[in-house]
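Descriptive structure summary
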Amino acid sequence: MSITCADLAKVYEGGHAGWPALRGLSFSVDPGEFVTITGPSGCGKSTLLNIIGLLDEPSGGRYSLNGRDTATLSDQERSDLRLQELGFVFQAFHLLNRMSAIDNVALPMMYAGADRAEMRERAHALLAKVGLKGKERKTPLELSGGERQRVAIARALANSPKIILADEPTGNLDSASSREIMDLLYGLNADGMTVIMVTHDRELAARARRNIRMRDGRIEP
Ligand SMILES: Nc1ncnc2c1ncn2[C@@H]1O[C@H](COP(=O)(O)OP(=O)(O)O)[C@@H](O)[C@H]1O
Ligand SMILES: [Mg+2]
């Protein structure tokens, strides 16, 4: 699934009109790429990732997913794409703390209408894939930060997305856990998944084949 952004702009309603969060970004990402996005706090990284993830809409320019202008998508098409083709990983995990790890992972499958037995089997396999075999019944609060992020990655993989969008996924983790999470993301990319990751960590960005550097809502040349 290819991503093409042309002259993308974003002005938040209620934000400073004179200070758009994005001011004309153009770039594309080919299927299977691993791209990091870096830049100072407030430069628009999360805004960009949210637009790519169809969680928000640009105020100007065009964002096309697999050649289709996303402005032409219906709400239903947008949410189907979010559920089926895009996987999200956030700095603060965004897990449901009252549900077990396996139920967190199964949730997107439930929304997608998966068969119950199949759902459990797949959630089990995904937790094993991220190294959490035996911890299926634990709730997020019983897990370490690194383990929580593994659950979040397993959940992101629930409906076999083509693109993983990660917003500072290692921002709350110590360096050992960060490395493990990065290894997981690189492993997914090696399996063919597109990964777009926002990071503060220059060292992590240096490892990616491609880095997009942002500043003041633009891409630095
Ligand atoms: N929901 C919002 N409403 C108004 N302004 C926002 C909103 N979200 C972000 N902003 C502003 O947009 C700019 C870019 O923010 P953001 O994309 O979160 O940057 P980054 O992720 O690089 O730190 C900042 O000036 C921020 O204050
Ligand atoms: Mg951010």
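Scope of this entry: the structure provided in the associated data block. Quick caveat: nothing in here was measured; it's all calculated off a predicted structure. (Residues numbered from 1 in each chain as written. Chains lettered and ligands numbered in written order. Predicted model: local features only at pLDDT ≥ 70, side-chain atom pairs only at ≥ 80, totals over all residues. Heavy atoms only, no water.)

Let us now look at helix 1 (residues 45–52). Helix 1 sits mainly inside the fold: 6 of its 8 residues count as buried. Of the positions making up helix 1, those classed as buried are Lys45, Thr47, Leu48, Leu49, Ile51 and Ile52. A positive phi of about 60° marks Leu54, the residue just after helix 1. (Buried < 20%, exposed > 50% of the residue type's maximum accessible area, 1.4 Å probe, protein only. Helix = DSSP H or I, 4+ residues; strand = E, 2+ residues; numbered from the N terminus.)

The 4 strands are arranged 2-1-4-5 in an open sheet whose pairing can be described as antiparallel. Bordering the open sheet on either side are strand 2 (22–29) and strand 5 (68–69), each of which pairs with just one other strand. Pairing analysis gives 2 bridges linking strand 4 (residues 60–65) to strand 5, with the strands arranged antiparallel. When the sheet's bridge partners are listed, Ser64 is paired in strand 5 with Asp69. Sitting on the sheet, helix 1 touches strand 1 (3–10), strand 2 and strand 4, and the angle it makes with strand 2 is about 55°. (Pairing = 2+ DSSP bridges. Contact = heavy atoms within 4.5 Å. Axes fitted to C-alpha atoms, helices over the stretch in contact; angles between N-to-C directions.)

Counting 37 residues, the largest nonpolar core has Val105, Leu127, Val151, Ile153, Ile164 and Leu185 as its most contacted members. At the level of secondary structure, the elements contributing two or more residues to this core comprise helix 3 (101–111), helix 4 (116–129), helix 5 (145–156), strand 7 (163–167), helix 6 (175–190) and strand 8 (194–198). No other element matches helix 6, which puts 6 residues into this core. Ignoring any residue separated from it by four or fewer positions in sequence, one finds Leu127 in contact with Ala101, Ile102, Val105, Leu132, Lys133, Glu136, Val151 and Ala154. Within the second largest apolar cluster, 28 residues are counted, among which are Leu22, Leu25, Cys43 and Ile163. (Core = buried A, V, L, I, M, F, W, Y, C linked by side-chain atoms within 4.5 Å.)

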